[in-house]
Amino acid sequence: MSDIESIIQHMTLEEKAALCTGAGPWSTTAIPRLGVPELVVSDGPHGVRRPIDASKIGSLSHPATCFPTASSLACTWDVALLRDMGAALAEEANALDVGVLLGPGNNMKRTPLCGRNFEYFSEDPFLAGELAASLIEGLQSGGVGASLKHFAANNQEYQRFSINAEIDVRTLREIYLAGFERAVKKGKPWTVMCAYNRLNGTFCSEHHELLVDILKDEWGFEGLVVSDWGAVHDRVAALRGGLDLEMPGPKPSRVQAVIQAVQDGALDEAVLDESVRRILKIVFKAAETPKGGTFDQQAHDALARKVAAEGMVLLKNNGILPLKPGLKRIAVIGRAAETPHYQGGGSSHINPTRVAMPLKELQQQAGSAELFYAAGYPADDQFRQDLLDQAVSVARDAEVALLYIALPTYKDSEGYDRADLDLTAQQVALIQAVSAAQPNTVVILNNGSAVVMSEWIAGVSAVLEAWTMGQAGGAAIADVLFGKVNPSGKLAETFPLKLADTPAYLNYPGEGGKVRYGEGLFIGYRYYEAKQTPVQFPFGYGGSYTTFAYSNATVSAAAFKDTDGLTVTVDITNTGTVAGKEVVQVYIHDHKSALVRPYKELKGFAKIELQPGKTKTVTIALDDRAFAYYHPGYGQWITEDGEFDILIGASSADIRCQQTVTLHSTRKLPSLLNPESTIREWLDDPRGKIVFGPMFQQMMEGFGRALGEATDGNEMIGMDATSMLMDMPLLSILHFQDAALSAPPEAIVHGLLQRVHQLAE
Ligand code: BGC
C-alpha cells in the first residue's frame, strides 16, 4: 500500500472533511499526527502575490516581480519564453514559501469588454492552450504547482458569481474547453480552479460532467480541483461533483456538513476519499521542493523587460519608428509616461520589486535629445482643456511627439466589465490635437484588452500596443521605440472597429441570470471572417522594423491518414535590413463538412529569429486533432474524408502560401440515420447513400414523369422537385405513396436502416 493509501486508512472522518476545506485564506489543513503538512497557495498569475499577513485576503503582499499580464504574454507567441517566465515565477514562489501559484487564467476572450481580459490569453483556444501549457511546464519544472483557471466559461465578470452560461456542446468543446484541454493534457497542472458561474444550469463547482467526466476521466487530469474563492454553494454537492478542495477557509460549517453527510449516508465516503487522495498527492508533491531563500530580483526584472518587449505589437508605422539617432527635441506626452499602467486590478495585483518609469527610461536611451513632458490628460475622466493646450504646445515645438496613453486603471479590473471600448474623451481629443500639431506622432497604448481607434488612428504616424506590460514595461517601450528591440508581437485578439461589430454584441451580458452564447463557435476572427466584417487589426497581426518573405511551402503528403497527421514546412527570409523575429501561423480550411465550420482555424505556429538576408526553414506539425471537429451527434471529435487547405501566413488576414491536401479519415463512426432522417441525410451518409441511392433514383424518375405529364395550372410547374424533397423525411414521403407501396412505410425504412447497420459491421 502506498503512503497516501495508508494515511487515508488512518485518517478520521473529521480529518478527511477538514482536509477538503482550506485552513485559512491561502493554506490547506495540516494533519501533524499523520505527517501531512499544509499546502500554501497564492495568486497569480503573472507574479507571486504572497500576503505579508497570510491570515487576511486583502493584505499587502511581499514584493515580487510583476511580469506582463496574459494579454501581453499571448502576443509574444513564444512558448520558450513563457516557459522561462514560469521557471522564474517558481523561483519566486519557492522563496516566498508558496507551493501552488493560482494561474494561469485560460478563459477565452469572448468579448473585449470582459474586465479580466488582461489576465487571459486569447480569443483562440489553440494559441491560449499552447501558451498556458508552456507557462505551466515552466512553473512546475521549478517544483511549484499551477492552478489553471477559471474552469469553465468565466468569460465575463458581469454577474460572475451566479450567471448561467448557456453554451451548446460543440461550442463548449471546440472553443471554451479546448484551450483548457490542451493545457491540461500538455502542461499537466497540479491543480485546476473551477469557475464561479453556472454552466448550462449547474454551478461549475458542482458540475460532475465538467469536473469528473470530462476533466478527470476523459482528459486524465490527475491533480486536484480547487474552488475559486467562494465558488462553493453546497459543499456536499460539490464533492459529489468532483470539487476536491474548497477555498478559502476556515469554514467549520462546511466541514461539519461533510461529516454529517457521510454519517447520514448522503455522501459515499469513497467519494470523499477520492478527493482526499488527490489533495494529499499534491500536498506531498509540493513538499518535495525546499522553500525559502531569495530570488534574483535584477535578473527577473530583466526577464520581465524582455517578455514585455516581445509582447508589444507594432500596429501602425509609417516609418517614424524606430526613432532615428540625432533627434534634438522629443515631446513626451501623457500621464502614463510618469505613472505607468502596467497591471490590472483585483486578485492578480502584484506588489512589484521596482517599477520602470517610461519617461526616465526614454531619457536614458535618448542620447543627446532633449525631452519635454506634458501630462496631457488628468488621472480621472474629467476634461481639462489646459492640459490639452499645454500638450499641443509642447508637441508643436518638438521633432516627434510620443503619446503615452493608458486606459484608466479602473477599466482593467477583476469583478466587473468595461462599459465600452473607448479611451477617455480627453485622450481621444489629445491624440487628435497633438497629431494635428505634430506630423510625427507616435501613440503608445497601455490597456489589458482591445480598444477602438477609428476616431484618431488615421492622423498618427505610429501606434505601439504595449499592453499591461508588467513592472519593466516602461523600459521595454524605450527599447522598442529606439530600435534596441525589433518588435515582433502579434495580436492574440482582434481589434474591432467598433463595439457593435463584436461577436457577442447581441448576446452579452445576458439577462434574467443567463447569458446565451448565441454566436456559437464564431468568436474572434472566426466571427469577423464569417460575417465579412472589417476590423481595425486582425488576429495574428503585428508589424516589424524588417520584412519577411514566405516561400517554398511544402506538406509531407498530398494525401494522408488523419492518425498520421501532416508536417508543413515553409522558408522564411528576412528581406529587410535589420534582424527580427517572425511568427509564422498555420491555419486550416476544410472544403466541405457535415456541420458548419469556421472558414479558417489556427492549428500551428512558430516564432523564429532571422538576421537580415538570412533564410530559415520552419517546420510545423499538424496532428489528427488539427483537422477534427466535435460532432455532438457522435459525442466525439471526428474527422471527415476530404480536402483541406493548409494556409500559411503572417496573420489570419495575410496568408502567404497555400497547399491543398486530402485527408482520409480512419474513424469508424456509427450511422446517425434514424426513422426520421431526411432525404438529404440519407444521401449525405456514405452507407445511407449505398442503400438508399437506387431507391432515390426511382423516386426522382417518378417525380420527373409526374412533372412531365403536368399541364398548365398544375401547381408543381416551375418547382425544383429535388430541392423540395431534400429536407423531407423519407418516411413522410413514403406515407404520401402508401397505396402504391408493397409494404408499410415503416417497414421499408426499417429494412433500409437494417441494411445500413449491416454495412457498418
Ligand atoms: C479570483 C481568482 C483568484 C482567487 C484568490 C478569486 O476572486 O477569481 O482568480 O485566484 O480569487 O484570490
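Residues numbered from 1 in each chain as written. Predicted model: local features only at pLDDT ≥ 70, side-chain atom pairs only at ≥ 80, totals over all residues. Heavy atoms only, no water.

Trainee: Provide a residue-level description of the site of the ligand, including the pertinent values.
Mentor: Within the structure, the ligand sits among 13 residues, and Asp 43, Arg 116, His 150, Tyr 196 and Asp 228 are positioned closest to it. Here Arg 116 contributes a side-chain N or O atom positioned 2.6 Å from an oxygen atom of the ligand. Separating an oxygen atom of the ligand from a side-chain N or O atom of Asp 228 is a distance of 2.7 Å. Contact with the protein chains covers 93% of the free accessible surface of the ligand, which is 310 Å². The class makeup of the residues in the shell around the ligand is 5 nonpolar, 2 polar and 6 charged. (Near = heavy atom within 4 Å. Polar contact = N/O pair within 3.5 Å; in protein donor to acceptor, adjacent residues only side chain to side chain. Areas by Shrake-Rupley, 256 points an atom, 1.4 Å probe, with all protein chains shown as cover. Nonpolar A, V, L, I, M, F, W, Y, C, P; charged D, E, K, R; others polar.)

Trainee: Describe the side chain of Asp 685, with residues and values.
Mentor: Looking at where Asp 685 falls in the secondary structure, it is placed in the loop between helix 19 (679-684) and helix 20 (686-709). Among buried charged residues, Asp 685 stands out as having no salt bridge; its nearest opposite-charge side chain is Arg 687, 4.7 Å away. Among the polar contacts listed, one links the side chain of Asp 685 to the side chain of Ser 671, at a separation of 3.1 Å. Not counting the four nearest positions on each side in its chain, Asp 685 is found in contact with Ser 671, Leu 672 and Leu 673. (Helix = DSSP H or I, 4+ residues; strand = E, 2+ residues; numbered from the N terminus. Buried < 20%, exposed > 50% of the residue type's maximum accessible area, 1.4 Å probe, protein only. Lys, Arg positive; Asp, Glu negative; His and termini not counted. Salt bridge = Lys/Arg side-chain N within 4 Å of Asp/Glu carboxyl O. Contact = heavy atoms within 4.5 Å.)

Trainee: So what's going on with the pairing of strand 14 (residues 462-465)? Residues and values would help.
Mentor: Residue alternation in strand 14 divides its side chains into two sets, Ala 462 and Leu 464 and Val 463 and Glu 465, and both sets are buried. Across 4 bridges, strand 13 (residues 441-446) lies against strand 14 in parallel orientation. Across the sheet, the residue bridging to Leu 445 is Glu 465, located in strand 14. (Pairing = 2+ DSSP bridges.)

Trainee: I'd like a description of helix 8 (residues 208-218), backed by residues and values.
Mentor: Where helix 8 is concerned, the buried positions are Leu 210, Leu 211, Val 212, Ile 214, Leu 215 and Lys 216. Looking one or two residues beyond helix 8, the residue adopting positive phi is Gly 220, at roughly 75°.

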